[in-house]
Amino acid sequence: MGHREELLRGAKKALLEKGWARTTARDVVALSGTNLGSIGYHYGSTEALMTAAMLSAVEEWGDALGRALAEPGDDDTGDDPMLRFWRRVIRSIQTDRQLWLASIEAMLQAEHNPALREQMAGGMAAGRSGMAAMLTGLAEDQVDPETVASLGSVQMALMSGVLMQWLTDPASAPSAEQIVAGIRALGGGPGLRQQIAGVEQ
């Protein structure tokens, strides 16, 4: 592996371990086993290297998180697909915390980086489609656009809110059962008070 590839690998590792704002050129050099001159020679600047690293890492992180949400776990019991899904989400937040944090920072950096924003937008579109497919049990290419725009979008929005709660205050964050009860209550199902009370008991 040449210096260019080593720098990219080191920068991606730094993004995961320290985040964009706290990563310095010396951090990347230390993690990649290269030298400061290599950054300018291969990428022009540390900013350009970090952008290339973030673009590459976003795709890798998306794939990793997608696999985590698709893989069954020991708690995948019962016949309720929604409950199984949210158990996987929470399990992934607990075990892949750094990936989820990195994805949030990528979103913040995208505000000032058009290339990253474009890639993040593509990732959002793919995420909506994937969420809709996962919840309907259909192949992605069989899910109609309206379902992607409604079910997929709302599921992505719910995941963002649940993620923030679990990252900032896991002791008080909702369980999979509470999330599902809340979703069904929002849908106006019968016995709202009984549903919520049943979860709290």
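The notes below deal with the structure included here. These figures come from a predicted structure and were not determined experimentally.

Time to look at the overall build of the protein chain. Each helix and strand counted, the protein chain has ten helices and zero strands in total. Mapped in sequence order, the helices and strands of the protein chain form the string α-α-α-α-α-α-α-α-α-α. C-alpha atoms of the protein chain, sized along the principal axes, occupy 65 × 40 × 30 Å. For the protein chain, the proportion of its 201 residues judged to be buried stands at 37%. When the accessible surface of the protein chain is summed, it comes to about 11,300 Å², and 55% of that surface belongs to carbon and sulfur atoms. Counting 17 positive and 25 negative side-chain charges, the protein chain places the centres of these two groups 5 Å from one another.

Let's shift gears to the pattern of salt bridges. A complete count under the given rule lists five salt bridges for this structure. Note that lysine 12 and glutamate 60 form a salt bridge whose closest N and O atoms lie 2.6 Å from each other. Placement of the pair is lysine 12 in helix H1 (residues 3-17) and glutamate 60 in helix H4 (residues 46-70), with a sequence separation of 48 residues. Judged by relative accessible area, lysine 12 falls into the buried class, the value being 17%. A residue is classified by how much of its surface remains accessible, and glutamate 60, at 41% relative accessible area, is partly exposed.

Tracing the chain through its elements places serine 172 in the loop between helix H8 (145-168) and helix H9 (176-186). Sequence-wise, serine 172 and lysine 12 are 160 residues apart; in three dimensions their C-alpha atoms are separated by 32 Å.

Another point: the nonpolar core. Grouped together as the largest cluster of nonpolar side chains are 42 residues, with contacts concentrated most on Met54, Trp86 and Met159. The leading source of residues in this core is H4, at nine residues. With residues near it in sequence (within four places) discarded, tryptophan 86 still touches Gln155, Leu158, Met159, Val162, Ala176, Ile179, Val180 and Ile183.

Conventions adopted
Residues numbered from 1 in each chain as written. Predicted model: local features only at pLDDT ≥ 70, side-chain atom pairs only at ≥ 80, totals over all residues. Heavy atoms only, no water. Helix = DSSP H or I, 4+ residues; strand = E, 2+ residues; numbered from the N terminus. Buried < 20%, exposed > 50% of the residue type's maximum accessible area, 1.4 Å probe, protein only. Areas by Shrake-Rupley, 256 points an atom, 1.4 Å probe, with all protein chains shown as cover. Lys, Arg positive; Asp, Glu negative; His and termini not counted. Charge placed at Lys NZ, Arg CZ, Asp CG, Glu CD. Salt bridge = Lys/Arg side-chain N within 4 Å of Asp/Glu carboxyl O. Core = buried A, V, L, I, M, F, W, Y, C linked by side-chain atoms within 4.5 Å. Contact = heavy atoms within 4.5 Å.

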